[in-house]
Amino acid sequence: MIHRLDPLQDLVLKASLRARGHSLERRRHRDVNRSAAVWTSEVRIGSSIGTAISIVLATRGCSHALGISGGCTMCSYLLDGTNERVSSENIIRQFESAITQFEHVAVPVSVKMYTSGSFLDPAEVPVDARHAILNYLSKDERIREVVLESRPQYVTTESLGEISELLSGKTVEIGMGLESGSDIIRALCVNKGFSTEDFQRAVTIAREHDVGTRAYILVKPPFLTERDALIDSLNAAVTAASMGVTTLSVNPVNIQRATLVEKMWQNGEYRPPWLWTVVEMLILARARISTDVRIVCDPVAAGKPRGTHNCGVCDGTVTAAIRKFSLDQDVTSLVSLTCDCKSIWRHVLRCQDVSLSASSHNMHVHNPFLT
Ligand code: SF4
Ligand SMILES: [Zn+2]
């Protein structure tokens, strides 16, 4: 199967590289002693509502995106990294100056450690800096939950051994982008560069160390119709849950700069998913997956042309209902949503592939559902 996919895979890889273009040269100068971003939000931690402190460390960027693969088709995180050399001391200073801003937030606290790639990749966060950050987190009793992001290949017995030892007593999750349950869609539509088997291996290692896992599920990678995107994301959620992940984070595609998705969107060949697709996916996933697995969704740029959107009238209400569901896991507020545009969305689900095959070149002209 892999051999038959090779030529297509090669095309996607080259298109991703072309879309990346001069991103590396366009990265702005950064103070390497300050994190790239830090913010707080409300979050459910166990049975309480507390504060999530999200910290994005400025690193050299994702190794997958920096390499010859060109990175994932929808991700511009490479632009958030820096071309300056970032030492362990710099990373530790970034972390400390970020976390100390939030000494008086409501408890319990969840800390989400992001980079523009993988926190567990030693090329981004050197092992001694990682150790110092984990050590700091272990000593702060307000912190009940820690979420770290990584590609599966950096989830090893060594890195997980360190995490489980230092953070014992806290809930820990490693967030990984499964994106799709299908190896073919993950390879050809996302250019992700790892298999379902790789993901499963990482989940197993995490479980062996009593560490939870959070699967990121992409809604509507490029080249899928709205209906296929709904089916694919639901399938991914069910697959991830059956592998033993503890949380599903549902991420509708948003249009990021210098990506293949942005090129397609500019050419009228891609529309971000309807909010209705996200709502339907969440309702179906919640019905099919054990309530032991939390399902969350905080859509980026919701209601805007570059984000998941509906008609413009109902976007705010639908997004608020999605955020409420993420906190209480109750689908009632999702099921009761309604708007005139829902019937157009249903029509898209039924007919979009027919419209696309009828006029693929001019589909943005003839197909109102792509705007
Ligand atoms: S989605 Fe993750 S793995 Fe893919 S390019 Fe972005 S940071 Fe790297
Ligand atoms: Zn509407």
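About the cut-offs
- Residues numbered from 1 in each chain as written.
- Chains lettered and ligands numbered in written order.
- Predicted model: local features only at pLDDT ≥ 70, side-chain atom pairs only at ≥ 80, totals over all residues.
- Helix = DSSP H or I, 4+ residues; strand = E, 2+ residues; numbered from the N terminus.
- Rg over C-alpha atoms; globule rule 2.2 N^0.38 Å.
- Contact = placed C-beta atoms within 7 Å.
- Axes fitted to C-alpha atoms, helices over the stretch in contact; angles between N-to-C directions.
- Parallel < 35°, antiparallel > 145°, perpendicular 65-115°, else oblique.
- Left-handed = near helix turned anticlockwise from the far one by under 90°.
- Near = placed C-beta within 6 Å.
- Nonpolar A, V, L, I, M, F, W, Y, C, P; charged D, E, K, R; others polar.
- pLDDT = per-residue confidence, 0-100.
- Buried ≥ 20, exposed ≤ 12 C-beta atoms within 10 Å, placed from the backbone.
- Arc of directions from axis to C-beta.
- Pairing = 2+ DSSP bridges.
- Right-handed = clockwise from strand over helix to strand, strands pointing away.

(A) Up close: the overall build of the chain. The number of helices and strands found in the chain is 15 helices and eight strands. Against the globule reference of 21 Å for 371 residues, the chain gives a C-alpha radius of gyration of 20 Å, in line with a compact fold. The principal-axis extent of the C-alpha atoms belonging to the chain is close to 60 × 45 × 40 Å. Within the chain, contacts between residues at least 6 apart in sequence are counted, and of these 77% link residues at least 24 apart.

(B) Molecular detail of the packing of helix H4 (residues 88-99) against helix H5 (residues 127-139). Where H4 contacts H5, the axes come no closer than 8 Å and their chain directions differ by 25°. Compared by their axis directions, H4 and H5 come out roughly parallel. For H4 against H5, the interelement crossing comes out right-handed. Along its contact with H4, which presents Ser-88, Ile-91, Ile-92 and Phe-95, the element H5 presents Asp-128, Ala-129, Ala-132 and Ile-133.

(C) A look at the site of ligand 1. Contacts to ligand 1 come from Cys-62, His-64, Ala-65, Gly-71, Cys-72, Cys-75, Tyr-77, Gly-117, Arg-151 and Gly-177. Among the residues making up the shell around ligand 1, the classes are represented as five nonpolar, four polar and one charged.

(D) Spatial organisation of the confidence of the model for the chain. Scored by pLDDT, the chain comes out at a mean of 91, with 94% of its residues at no less than 70. Confidence drops under pLDDT 50 across residues 357-371; counting only partners more than four residues distant or on other chains, this segment forms 15 contacts.

(E) Focus on the packing of H5 against helix H6 (residues 157-166). Where H5 contacts H6, the axes come no closer than 9 Å and their chain directions differ by 25°. Overall, the two elements H5 and H6 adopt an arrangement that is roughly parallel. In this structure, the crossing between H5 and H6 has a hand that is right-handed. On H6, the residues touching His-131, Leu-134, Asn-135 and Ser-138 of H5 are Glu-162, Ile-163 and Leu-166. Partitioning the contact of H5 with H6 into residue classes produces three nonpolar, three polar and one charged.

(F) Quick look at H6. Taken as a whole, H6 has its buried residues at Ser-159, Leu-160, Ile-163 and Leu-166. Along the axis of H6, the buried residues cluster in a sector spanning 140°; they form a single face. Facing away from the buried side of H6 by over 90 degrees, the exposed positions are Thr-157, Glu-158 and Glu-165. Among the structural elements, H5, strand S5 (171-179) and helix H8 (196-208) are those in contact with the buried residues of H6.

(G) Highlighting the sheet that holds strand S6 (residues 212-219). Read across the sheet, eight strands follow the order S1-S2-S3-S4-S5-S6-S7-S8 without closing on themselves; strand pairing throughout is mixed. Of all the strands in the sheet, just strand S1 (37-45) and strand S8 (294-296) have a single pairing partner and so form its edges. When strand polarity is set aside, the average angle formed by the axes of neighbouring strands in this sheet is 25°. Against the sheet, H8 contacts S5 and S6, and its axis sits at roughly 175° relative to S5.

(H) Expanded view of the pairing of strand S4 (residues 143-149). Burial within S4 is extensive, with six of its seven residues counted as buried. With H5 bridging strand S3 (residues 109-114) and its parallel neighbour S4, the resulting β-α-β unit is right-handed. A crossover links S4 with its parallel partner S5, the connecting element being H6, and its sense is right-handed.

(I) Main features of unusual backbone geometry. Going from Val-107 to Pro-108, the amide bond is cis rather than trans, its omega being -5°. Tracing the backbone shows Pro-108 in the loop between H4 and S3. Even without a glycine there, the phi angle at Asp-210 is positive, about 60°. Position of Asp-210 among the secondary structure elements: in the loop between H8 and S6. According to the C-beta neighbour criterion, Asp-210 is exposed, with 12 such atoms within 10 Å. Of note in this structure, Phe-223 is not a glycine but carries a positive phi near 80°.

(J) Representation of the environment of Ser-249. Along the polypeptide, Ser-249 turns up in strand S7 (residues 247-252). Taking the C-alpha atoms as reference, Ser-249 lies 22 Å from Val-107; in sequence the two are 142 residues apart. Once you skip the residues sitting within four places of it in the chain, Ser-249 turns out to touch Gly-175, Arg-214, Tyr-216, Ile-217 and Val-296.

(K) Up close: the environment of Gly-307. Following the sequence through the fold, Gly-307 ends up in the loop between S8 and helix H12 (315-328). Considered as a pair, Gly-307 and Arg-26 are 281 residues apart in the sequence and their alpha carbons are 23 Å apart. Those residues in contact with Gly-307 that lie beyond four places of it in its chain are Asn-254, Pro-272, Pro-299, Val-300, Ala-301 and Ala-302.

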